[in-house]
Amino acid sequence: MVERHWKRAGLIDRPEPKTMSTVIKEKPHTAASPPVGVEPFLLVGSARSGTTMLRLMLDHHPALSCMQESDFIVTHYPACASADPARYARALENDWLWRVSGLQFPKEAPDYRAAVADFFKQRGADSEKTIVGATVLQAFEHLPDLLAEAKYVHLLRDGRPVAASIRSMGWAGNLYVGATRWRKTVEQVRALQRRIPAERWLEVRYEALVANPTEELSRICTFLGVAFDEAMLRYAGDTSYAAPDRSIAERWRQRLAPREIQLAEMAAGDLLAELGYARMFPPAEPGALERLALRMHHRYRRTLFRFDRYGAYLMIARWLWRRIGVRRAALEARFDAISQAHIK
């Protein structure tokens, strides 16, 4: 009866036929190589640090193409790198970033690395450009194994407004958790930087980008081997993103309560000062009970946020079907559409 109700509501469909072998054959690692005919680069940084704005700027250059968030090229690497490519293809079916990417899984790819290389070639072919980038916001440690010759553009932003933005997306229930996520991500990016030759790494500050976009974009273009083009600043004409505004970088100072800023600084620790961002409060650490309260508050607020955004019916139905190991395409399509509508 429940299944008939969900079918009438458009939230259930027939299970998709299995077309791939379930037998997983272990394969040895092979040396990474750049995609043929494409010069790859990676745009890395913390979520909510301005990477989407920079991606749009880069993508509007007549010689550059940059894919949206493409974490799916690295998040499945530990489980799928040494397996038959079919395992990677199946894993991608449950990855919403992949489902909205517009890419196709290459059926003839001999291994994981070849599949990732093909994603870059697809983007290059679709955009008719040969310098192709991807935005990656996590699991950075796998990138050198996948794209050995890629260049890296790291967009860095003050962790306090990043934490506030993370909270606004429902990914953190408070600024302490949001800033903790920022700190861990920046530390992971810095660990990656130590593995990359200096000539293939460029750091860009968000604050400088919105204050002097032409100067910073020219610096990025030189790094990527192209000349600056004014089209990079016209992205606001055909996207939902506004033109660069230097006041945005400091707006958090007026919008956040002092206690929120203090919590963000507690979580960020010494990293803010190391990166040149002046603190507003003396260094401090929350006690054990306060940390527990902050974690509980985070889980409570995050759960409320998700039920408010996606609706109780979709959240519960999706959870139930996943618990029994069945993926319903209609449910996932609705979830993807809501997620995509709120990404900015």
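Student: Give a detailed account of the overall build of the protein, specifying residues and quantitative values.
Tutor: Scanning the protein for helices and strands turns up 17 helices and five strands. The buried share of the protein, taken over its 344 residues, is 48%. Look at the contacts in the protein between residues 6 or more apart in sequence, and 76% of them connect residues 24 or more apart. Of the accessible surface of the protein, which amounts to about 17,100 Å², a share of 53% is contributed by carbon and sulfur atoms.

Student: For helix α4 (residues 85-92), give the residues involved together with the corresponding values.
Tutor: The periodicity of an α-helix, 3.6 residues per turn, causes residues three or four places apart in sequence to face the same way. Of all the positions in α4, only Pro-85, Ala-86, Tyr-88, Ala-89 and Leu-92 are classed as buried. Down the axis of α4, the buried set is contained in an arc of 160 degrees. They therefore lie on one face. Buried residues in α4 make contact with α3 (77-80), α5 (96-99) and α6 (112-127).

Student: Before we move on, can you summarise unusual backbone geometry with the specific residues and values?
Tutor: Of all residues except glycine, most have a negative phi; of all peptide bonds, most are trans. Even without being glycine, Glu-128 reaches a positive phi, approximately 60 degrees. Overall, Glu-128 belongs to the exposed group, its relative accessible area being 73%. Non-glycine residue Ala-139 carries a positive phi angle of around 50 degrees.

Student: So what's going on with the nonpolar core? Which residues, and what values?
Tutor: In terms of nonpolar packing, the biggest core is built from 37 residues, with Leu-42, Ile-73, Tyr-88, Phe-119, Phe-120 and Leu-143 touching the most fellow members. Looking at this core, the elements that each hand over two or more residues are β1 (39-45), α3, α4, α5, α6, β3 (131-136), α7 (143-146) and α9 (175-193). Element by element, the count of residues in this core is highest for α6, at five residues. Within the second largest apolar cluster, 27 residues are counted, among which are Cys-66, Leu-155, Ile-220 and Tyr-235.

Student: Explain the sheet that holds strand β4 (residues 151-156) to me, and be specific about the residues and the numbers.
Tutor: Taken in spatial order, the five strands line up as β2-β3-β1-β4-β5 in an open sheet, and their pairing is parallel. Strand pairing shows two members of the sheet lacking a second neighbour, β2 (64-69) and β5 (201-205), which therefore form its edges. Adjacent strand axes in the sheet meet at a mean angle of 20 degrees, parallel and antiparallel pairs treated alike. Strand contacts of helix α2 (residues 51-59): β1, β2, β3 and β4, with the helix running at about 155 degrees to β2, the strand carrying the most contacts.

Student: How would you explain the packing of helix α15 (residues 288-310) against helix α16 (residues 312-323) if you had to name every residue and give the values?
Tutor: Here α15 crosses α16 at 105 degrees, and the two axes come no closer than 6 Å. Taken as axis vectors, α15 and α16 run roughly perpendicular relative to one another. The segment α15 lies against α16, with Arg-306, Phe-307 and Tyr-310 engaging Ala-312, Leu-314, Met-315 and Ile-316. Residue composition of the contact of α15 with α16, grouped by class: six nonpolar, no polar and one charged.

Student: So what's going on with the pattern of salt bridges? Which residues, and what values?
Tutor: Tallied over the full model, the rule gives 13 salt bridges. For Glu-250, the salt bridge identified is with Arg-253, shortest N-O distance 2.4 Å. Across the salt bridge formed by Arg-318 and Glu-332, the nearest N and O atoms sit 3.2 Å from each other. Within this pair, whereas Arg-318 is found in helix α16, its partner Glu-332 is found in helix α17 (residues 329-341), the two being separated by 14 residues in sequence. Summarising the burial analysis for this pair, Arg-318 and Glu-332 share the class buried.

Student: Tell me about the packing of α15 against α17, residues and numbers included.
Tutor: Packing of α15 against α17 leaves a shortest axis separation of 10 Å and a crossing angle of 105 degrees. Taken together, the axis directions place α15 and α17 in an arrangement best described as roughly perpendicular. Here α15 contributes Arg-306, Arg-309 and Tyr-310 to the contact with α17, which in turn contributes Phe-335, Ile-338 and Ser-339. Residue composition of the contact of α15 with α17, grouped by class: three nonpolar, one polar and two charged.

Student: Any details on the environment of Ala-164? Residues and values, ideally.
Tutor: Summarising the element assignment, Ala-164 is placed in helix α8 (residues 159-168). What Ala-164 contacts, discounting residues up to four positions off in sequence, is Leu-175 and Leu-256.

Student: Could you give an account of a nonpolar patch on the surface, naming the residues involved and the relevant values?
Tutor: Where nonpolar side chains cluster on the molecular surface, the patch consists of Phe-307, Ile-316, Trp-319 and Leu-320 and spans about 380 Å² of accessible area. Counting residues per element, the nonpolar patch draws most heavily on α16, at three residues. Looking at where Leu-320 falls in the secondary structure, it is placed in helix α16. Taking the relative accessible area as the measure of exposure, Leu-320 reaches 36% and is therefore partly exposed.

The rules behind each value
Residues numbered from 1 in each chain as written. Predicted model: local features only at pLDDT ≥ 70, side-chain atom pairs only at ≥ 80, totals over all residues. Heavy atoms only, no water. Helix = DSSP H or I, 4+ residues; strand = E, 2+ residues; numbered from the N terminus. Buried < 20%, exposed > 50% of the residue type's maximum accessible area, 1.4 Å probe, protein only. Contact = heavy atoms within 4.5 Å. Areas by Shrake-Rupley, 256 points an atom, 1.4 Å probe, with all protein chains shown as cover. Arc of directions from axis to C-beta. Core = buried A, V, L, I, M, F, W, Y, C linked by side-chain atoms within 4.5 Å. Pairing = 2+ DSSP bridges. Axes fitted to C-alpha atoms, helices over the stretch in contact; angles between N-to-C directions. Parallel < 35°, antiparallel > 145°, perpendicular 65-115°, else oblique. Nonpolar A, V, L, I, M, F, W, Y, C, P; charged D, E, K, R; others polar. Salt bridge = Lys/Arg side-chain N within 4 Å of Asp/Glu carboxyl O. Patch = residues over 30% accessible without salt bridge, like charges linked within 9 Å, V, L, I, M, F, W, Y side chains within 5 Å.

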